[in-house]
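Descriptive analysis of the structure
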Amino acid sequence: MHELGIVFHMIDLLERVADENQVQKIASVTLELGEVSGVVPRELTSCWDWAVKKTARMSGARLVLETIPAVTQCGDCRETYPTVPQGRICPYCGSENTWLARGNEIELKEIEAC
């Protein structure tokens, strides 16, 4: 379960940011999660809920997840298309010369202090 490792990394980062900005309490954290990032949102939330109870600064902090849709780009016809319903083969020209343009990110978007 790599979700727990992600949560521990986030907490370390959030603690540093809070120290640098003299934040005493974090109310919520918004995370952008790519549709094909390999992270299971339910597992990430479960790990978050367990881990933040262990820190005074983040106890009770909410985790807000926003999904970044996966988009693939075709190297031949230059079209982009939704990755999940289409897969790797371009629905416009049938090419396999494609790559994931976005959708595998895990990005910290916002920290709400209280």
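Throughout what follows, the structure given in this document is the object of discussion. (Residues numbered from 1 in each chain as written. Predicted model: local features only at pLDDT ≥ 70, side-chain atom pairs only at ≥ 80, totals over all residues. Heavy atoms only, no water.)

Points about the overall build of the protein chain
How we decide: Here a strand is any run of E in DSSP of at least two residues, a helix any run of H or I of at least four, and the numbering for each starts at the N terminus. All radius of gyration figures rest on C-alpha atoms, and the globule criterion is 2.2 Å times the number of residues raised to 0.38. Throughout this description, buried means an accessible area under 20% of the type-specific maximum (1.4 Å probe, protein chains only), exposed means over 50%, and partly exposed covers the range between. Method for areas: the Shrake-Rupley scheme with a 1.4 Å probe, in which residue coverage is limited to the protein chains shown. Residues counted as positive are Lys and Arg, residues counted as negative are Asp and Glu, and His and the chain ends are not counted. By convention, the charge on Lys lies at NZ, on Arg at CZ, on Asp at CG and on Glu at CD.
Helices and strands together make up the secondary structure of the protein chain, namely 3 helices and 6 strands. Sequence-ordered secondary structure for the protein chain, helices as α and strands as β, is α-β-α-β-β-β-α-β-β. A globule of 114 residues ought to have a C-alpha radius of gyration of about 13 Å, yet the protein chain, at 18 Å, is considerably larger. Dimensions of the protein chain along its principal axes, counting C-alpha atoms only, are 55 × 25 × 15 Å. Residues counted as buried form 34% of the 114 residues belonging to the protein chain. Counting every atom, the protein chain has about 6,800 Å² of accessible surface; 49% of that belongs to carbon and sulfur. Across the protein chain, the 11 positively charged side chains and the 17 negatively charged ones have centroids separated by 5 Å.

Some words on the sheet that holds strand 4 (residues 80-82)
As a reminder, the rule being used: Here the rule is simple: two strands pair whenever DSSP picks up at least two bridges between them. Only the stretch in contact is used when fitting a helix axis, every axis being a line fitted to C-alpha atoms; angles between N-to-C directions are given from 0 to 180 degrees.
The strand order across the open sheet built from 3 strands is 4-3-5, with neighbouring strands paired in antiparallel fashion. Both outer strands of the open sheet, strand 4 and strand 5 (98-102), are each paired with one neighbouring strand and no more. Neighbouring strand axes in the sheet, compared pairwise and without regard to direction, differ in orientation by 35 degrees on average. By the bridge criterion, 3 bridges tie strand 3 (residues 71-74) to strand 4 in an arrangement that is antiparallel. Paired with threonine 72 across the strands is tyrosine 81, a residue of strand 4.

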